[in-house]
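Remarks on the overall topology
What follows is the residue order along each chain.
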Amino acid sequence: MADIRYDGRVAIVTGAGQGIGRMYALELAARGAKVVVNDLGAARDGAGQDQSAADKVVAEIKAAGGQAVANYDSVATMQGGANIVQTAVDAFGKVDILVNNAGILRDKSFLKMSEQEWDLVISVHLKGAFCVTQPAVKLMKAANYGRIIFTSSTSGIYGNFGQCNYGAAKMGLLGLMNCLKLEVANYNIKVNTVAPTAYSRMTSDIFPANMEEKLKPQFNAPMVLYLASEENSVSGMTFVMGAGWYGRTAVVSGNGVCLGDGHRDITPEEIHAQFNAISGLDQAKPHASGTDIFGYMAPLLGK
Ligand code: NAI
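In this report, we go over the structure that sits alongside the text.

Thresholds applied
- Residues numbered from 1 in each chain as written.
- Predicted model: local features only at pLDDT ≥ 70, side-chain atom pairs only at ≥ 80, totals over all residues.
- Heavy atoms only, no water.
- Helix = DSSP H or I, 4+ residues; strand = E, 2+ residues; numbered from the N terminus.
- Rg over C-alpha atoms; globule rule 2.2 N^0.38 Å.
- Contact = heavy atoms within 4.5 Å.
- Areas by Shrake-Rupley, 256 points an atom, 1.4 Å probe, with all protein chains shown as cover.
- Salt bridge = Lys/Arg side-chain N within 4 Å of Asp/Glu carboxyl O.
- Buried < 20%, exposed > 50% of the residue type's maximum accessible area, 1.4 Å probe, protein only.
- Near = heavy atom within 4 Å.
- Polar contact = N/O pair within 3.5 Å; in protein donor to acceptor, adjacent residues only side chain to side chain.
- Core = buried A, V, L, I, M, F, W, Y, C linked by side-chain atoms within 4.5 Å.

**Focus: the overall build of the protein**
The number of helices and strands found in the protein is 10 helices and 10 strands. Relative to the compact-globule value of 19 Å for 303 residues, the protein shows a C-alpha radius of gyration of 21 Å, a close match. If you line up the protein on its principal axes, its C-alpha atoms span 70 × 45 × 40 Å. Put simply, 70% of the contacts in the protein that link residues at least 6 apart link residues at least 24 apart. Summing over all exposed atoms, the protein offers an accessible surface of approximately 15100 Å²; the carbon and sulfur share of this is 55%.

Here it is in structure tokens:
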């Protein structure tokens, strides 16, 4: 199989100053991409900033013979997003690949969570993806080429104690992907999402220390590199990964049950009686868009 390369391609990786994003940036550059290494240099809770995080990764890429430029803006504002994309245009003339990876944590159980803890996490993960992706899509649409990756989490897709803010933001990214994939489908722009797993600053006090060797951040890079490549033809998919395991996850619908005759009222007792069939996921499948759901209702809609 031919090598996957990014020669002539320009990539932005947000939050690339350390952890998983750093590996994406190093590996993309090692395969020929010109990389914008964005990082605010914030603490794990999003406080503060430090330009040395992005600078160090740029220096590593250059030392290995690659091309990279640093950007220190926060993803969480429209101006920050515009500046990040402009950095790519000023240094390399375009944007082909965008990996939305920057992230913070403000974990708290739901009843103890403050408005600020909610807003901050939503603003970096969910609004941040909007702020950077919108100006990037403008350029990708004009160029008729783009590869966009969002970063979700199993905390949102499946749930995790103490992370209602983070889980909501991370699941929100799937909604963003599901709608954006339709809007850019005609412009050769592929939008996909990953839920990585790695022993990093974000998780070093969550995962047991003996997982450090197994959950290396670099194990997440091959999937993102593939999704960022010309070889990738899928859009709107979500992949979970860690430790060298890669799999797809999806929001699916079961076949459900048609009740009534399309005219008469339906009672909660009928739902109760049919609950196993209604909640069953045998033969469940993912859908390309929300309007697909009318297919299940078809026997009733025609009556
Ligand atoms: P990390 O804490 O090691 O790195 C995150 C980077 O994002 C930091 O360098 C930080 O300075 C930067 N950042 C934070 N706020 C920023 C902002 N407003 N603008 C620009 N940069 C900002 O975290 P890690 O583990 O590498 O996570 C990367 C992504 O993967 C995050 O989106 C995280 O939520 C997600 N993720 C990580 C998992 C893991 O097991 N480590 C699990 C699931 C998701």
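**Some remarks on the pattern of salt bridges**
Enumeration according to the criterion identifies 10 salt bridges in this entry. Here Asp205 and Arg44 are joined by a salt bridge, their closest N and O atoms 2.8 Å apart. In this pair, Asp205 is assigned in the loop between strand 6 (189-195) and helix 7 (221-227) and Arg44 in the loop between strand 2 (34-38) and helix 2 (52-63), connecting sequence segments 161 residues apart. What makes Asp205 exposed here is its relative accessible area of 55%. What makes Arg44 partly exposed here is its relative accessible area of 27%. Two residues, Glu270 and Arg264, come together in a salt bridge whose shortest N-O distance is 2.7 Å. Given a relative accessible area of 41%, Arg264 falls into the partly exposed group. What you see here is one network of salt bridges that share partners, running through Arg9, Lys94, Asp96 and Glu230.

**Remarks on the site of the ligand**
Ile20, Asp39, Asn101, Tyr166 and Ser200 are the nearest of the 31 residues found near the ligand. Within the side chain of Arg201, a nitrogen or oxygen atom sits 3.3 Å from an oxygen atom of the ligand. Alone, the ligand offers 830 Å² of accessible surface; in the complex the protein occludes 98% of this. At the level of secondary structure, the elements contributing two or more residues to the shell around the ligand comprise helix 1 (19-30), helix 4 (115-143) and helix 6 (164-183).

**Re the side chain of Thr151**
Inspection of the secondary structure puts Thr151 in strand 5 (residues 146-151). Residue Thr151 is classed as buried on the basis of its relative accessible area, which comes to 6%. For Thr151, the side chain forms a polar contact with the main-chain oxygen of Asn100, separated by 2.6 Å. Setting aside residues no more than four positions away along its own chain, Thr151 makes contact with Asn100, Asn101, Lys170, Leu173, Val194 and Pro196.

**Quick look at the environment of Lys170**
Looking at where Lys170 falls in the secondary structure, it is placed in helix 6. Assessed through its relative accessible area of 3%, Lys170 is described here as buried. Distance from Lys170 to Gly32, taken between C-alpha atoms, is 30 Å for residues 138 residues apart in sequence.

**Some points on the nonpolar core**
Judged by nonpolar contacts, the single largest core of 33 residues is most densely connected at Tyr24, Leu28, Val35 and Val37. Within the residue set of this core, elements represented by two or more residues are strand 1 (10-13), helix 1, strand 2, helix 2, strand 3 (67-71), strand 4 (97-99), helix 7 and strand 7 (238-242). Of the residues forming this core, the biggest block, 7 residues, is contributed by helix 1. Those residues in contact with Val35 that lie beyond four places of it in its chain are Ala11, Val13, Ala25, Leu28, Ala29, Gln67, Ala68, Val69 and Phe92. Ranked by size, the runner-up nonpolar core spans 32 residues in total, among them Ile12, Val75, Val85 and Phe92.

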